[in-house]
Amino acid sequence: MVTEASQGEPQPVGDSTAVRARRGLLVVGSFVVLLYLIEIVNTAMLHSLNRTFGLRPRSLDGILDILTFPLLHSSLAHLMSNTLPLIIFGFLVFLSGRRVFITALAASWLASGLVVWLIGGASVTVGASGLVFGLFAFLLVRGFINRNWWQIVLSVVLFMAYGGILFGVLPTVASFVSWQAHLGGAIGGVAAALLLSTRRPGALTSGH
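Thresholds applied
Residues numbered from 1 in each chain as written. Predicted model: local features only at pLDDT ≥ 70, side-chain atom pairs only at ≥ 80, totals over all residues. Heavy atoms only, no water. Core = buried A, V, L, I, M, F, W, Y, C linked by side-chain atoms within 4.5 Å. Buried < 20%, exposed > 50% of the residue type's maximum accessible area, 1.4 Å probe, protein only. Helix = DSSP H or I, 4+ residues; strand = E, 2+ residues; numbered from the N terminus. Contact = heavy atoms within 4.5 Å. Salt bridge = Lys/Arg side-chain N within 4 Å of Asp/Glu carboxyl O. Axes fitted to C-alpha atoms, helices over the stretch in contact; angles between N-to-C directions. Parallel < 35°, antiparallel > 145°, perpendicular 65-115°, else oblique. Left-handed = near helix turned anticlockwise from the far one by under 90°. Nonpolar A, V, L, I, M, F, W, Y, C, P; charged D, E, K, R; others polar.

Participant: What is the right way to read the nonpolar core from this model?
Facilitator: A general trend in soluble globular proteins is that nonpolar side chains are found buried together. Among the nonpolar cores identified, the biggest contains 31 residues, and Leu86, Val93, Phe138 and Leu158 are the most heavily contacted of them. Elements that contribute at least two residues to this core include exactly α1 (17–44), α3 (76–94), α4 (98–119), α5 (129–146), α6 (149–162) and α7 (179–195). Looking at this core, the element that brings in the most residues is α5, giving 8 residues. In this structure, Val93 is in contact with Val100, Phe101, Ala104, Leu135, Phe138 and Leu139, ignoring residues within four places of it in sequence. Judged by nonpolar contacts, the second largest core, of 6 residues, contains Leu55, Ile66, Phe69 and Ala181.

Participant: Would you mind going over the pattern of salt bridges with me for this structure?
Facilitator: Tallied over the full model, the rule gives 2 salt bridges. Of the charged contacts, one joins Arg56 and Asp61 as a salt bridge, the two residues approaching to 3.4 Å between their closest N and O atoms. On the accessibility criterion, Arg56 (24% relative accessible area) is partly exposed. The class for Asp61 is partly exposed, based on a relative accessible area of 46%. A salt bridge links Asp65 to Arg56; the nearest nitrogen and oxygen atoms lie 2.7 Å apart. Here the residues in one salt-bridge network are Arg56, Asp61 and Asp65, joined through shared partners.

Participant: Got a minute to help me understand the packing of α4 against α7 in this structure?
Facilitator: The packing of two helices is summarised by the inter-axis angle and the distance between the axes. Their axes nearest at 7 Å, the elements α4 and α7 cross at an angle of 140°. As far as their axial angle goes, α7 and α4 are oblique. Seen from above, α4 lies across α7 with right-handed handedness. Side by side, α4 and α7 meet where Thr103, Ala104, Ala107, Ser108, Ala111, Ser112, Val115, Val116 and Ile119 of the first sit next to Trp179, Gln180, Ala181, Gly184, Gly185, Gly188, Gly189, Ala192 and Leu195 of the second. Considering only residue class, the contact of α4 with α7 consists of 10 nonpolar, 8 polar and no charged.

Participant: What's the story with the side chain of Asp65 in this structure? I'm lost.
Facilitator: For Asp65, the position within the fold is in the loop between α2 (48–53) and α3. Not counting the four nearest positions on each side in its chain, Asp65 is found in contact with Thr52, Phe53, Gly54, Leu55 and Arg56.

Participant: Hey, could you run me through unusual backbone geometry in this one?
Facilitator: Glycine aside, a negative phi is what most residues show, and trans is what most peptide bonds show. Positive phi, normally seen in glycine, also occurs at Leu46, with a value near 55°. Along the polypeptide, Leu46 turns up in the loop between α1 and α2.

Put into structure tokens, the structure is as follows:
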């Protein structure tokens, strides 16, 4: 017997919001810890990993860097700037279930990398900010796609708190960072929301 999660993922009976919350903290927290462990090693190696595994646009061997570039950062400060939003957005997405989280993260990861590879600048790109933008975009649009009141309210609250980061997708505003990664991540987040849509004809729902 199963119950239905907010994004349509079948959930076993007993898999309550509290259980998913604990699991989400464990998964997202473990991922962030991994990023810090990689940064410690990278710093000890004078960030030489960035030159090897950072994303190099329009380079054939750089295609594989799509798999690694969000795991690396230019400095500890760079990683710290991504940490809190990554934890918050990742945790909120995970509350809808593991499949939803994996889909949203994978779509953000892939789309961010592809956009950087296609239209990125000459420099090597690293950082998890594309994932941050992807998860944020997913949370912003899914309620309107699903016609779900609870998700819409959450998106409004998140927009009021973090909406300013959306300027990071504009080249004129974010020319000093990889706006391409931000834009690609946001595209991936929206694509994931569309892919996971649970919209049904009729009135708005209030389920979580």
